[in-house]
Amino acid sequence: MHRTKVKVVEEALDANNTIASANRSDFDRAAVKVVNFMSAPGAGKTTLLERVVVDLPGVRIGVLEGDVQGSMDADRLASLHVPVTQLNTDPSFGGECHLDANMVRSAIPALPLEEIDLLIIENVGNLVCPAEFRVGEDTRVMVTSVTEGEDKPLKYPLMFRACELVLINKIDLLPHLDFDLDRLLYNIDQVHPDVERIVLSAKTGEGLDAWREWLIGVAAREGAVA
Amino acid sequence: MHELSLSSAIVGTVVKHAEGRRVSVVSLRVGRLRQVVPDTLEFYFEFVAKGTVCEGARLEQELLEARLRCESCEHEWSIDIPAFRCPICGGAEVEIASGNEFEVESIEVEEAECIARK
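Residues numbered from 1 in each chain as written. Chains lettered and ligands numbered in written order. Predicted model: local features only at pLDDT ≥ 70, side-chain atom pairs only at ≥ 80, totals over all residues.

S.K.: Any chance you could break down the sheet that holds strand β8 (residues 196-199) of chain A for me, citing the residues and the numbers?
M.R.: All names here are of chain A. Strand order in the open sheet formed by 7 strands is β4-β3-β5-β2-β6-β7-β8, with parallel pairing between adjacent strands. In the strand order of this sheet, the two ends are held by β4 (84-88) and β8, each with one partner. The sheet shows a mean angle of 20° between the axes of neighbouring strands, direction not considered. When strand β2 (residues 33-39) meets strand β6 (residues 139-145), the two strands line up parallel, connected through 5 bridges. (Pairing = 2+ DSSP bridges. Helix = DSSP H or I, 4+ residues; strand = E, 2+ residues; numbered from the N terminus. Axes fitted to C-alpha atoms, helices over the stretch in contact; angles between N-to-C directions.)

S.K.: Hey, could you go over the interface of chain B and chain A for me, with residue numbers and the actual values?
M.R.: Counting from both sides, the interface comprises 28 residues of chain B and, opposite them, 29 residues of chain A. Counting residues per element, the ones that place at least two in the side of chain B that touches chain A are α1 (3-18) and β6 (102-111) of chain B. Sort the elements by how many residues they give to the side of chain B that touches chain A and β6(B) lands first, with 10 residues. In terms of residue class, the side of chain B that touches chain A is made up of 13 nonpolar, 8 polar and 7 charged. (Contact = placed C-beta atoms within 7 Å. Nonpolar A, V, L, I, M, F, W, Y, C, P; charged D, E, K, R; others polar.)

S.K.: Go over the pairing of β2(A) with me, naming the residues and quoting the values.
M.R.: All names here are of chain A. For β2, a buried count of 7 out of 7 residues is recorded, marking the element as mostly surrounded by other parts of the structure. Residues of β2 alternate between two faces, with K33, V35, F37 and S39 on one and V34, N36 and M38 on the opposite face, all of them buried. Direction of pairing for β2 relative to strand β5 (residues 118-122): parallel, over a ladder of 5 bridges. Across the sheet, the residue bridging to K33 is L118, located in β5. (Buried ≥ 20, exposed ≤ 12 C-beta atoms within 10 Å, placed from the backbone.)

As structure tokens, this is what we get:
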């Protein structure tokens, strides 16, 4: 018995990225734009979708709902007559804390791709792992809420850097909190200079028009972007 | 907490390259920006490797500093905190020269001696 050194030099997440590219090709072929939608648990992802999915002129929207367990979020969206597909990471995948490309691949046959223009993949609530795993999306959006603290960009730079748009939610609560919004915006800018940001409240509706317009803009993007 | 997911990705990559041979050492290159805690990664790797050719393998991690390069003024600098705006010109277009790596660099595998003779 002897030992041999084998040169590998391979990004450890290459296997995931390869499957993500295959997903992306399937979405491109169906002319569906895909948003990977991420946040910590409880930041308001589902509510922010509820508030806009029925009201996007000219855009047929579908949702792929990722959760460790249960279909509470999917049920909320389905009640609005939006096509929703549930993906649980628990029964077959050992309760993963994020969606990966392979899980999304397994859900593609169940997606009504011919009937939609924009697919929003609501990832599992988590600011860490989802930032590492591409699933075949065109773009990534995250939500941070003002109840989470100004320091979150500095603690979770991978997530804040992975996104093209940061939604800052729950600003209706600002009068009740010791929260410095300018400090949060400064920290976001330090971690991801010039990233797009929308300050909003799913409760009062402030800023929701900008969120709707942003989604309409994604649906209207030309062809495949690398 | 992402070290568990990352360990699974490492084992998957190594198993593919080991081609059935037993693995004794796995060498990684890990950029500082990946926010990997080396001890935690080692702990999960040992756990995830069980029942694979990686079981019992030693994990070697080469940590690489986060080095940035401004695309406007070409200034290059290293960071210890996540501040990505160029400190010289304030530019936002910044290239990550190093620090984003999460690579399996090499593996050491055990091979049976070839005793067949012609």
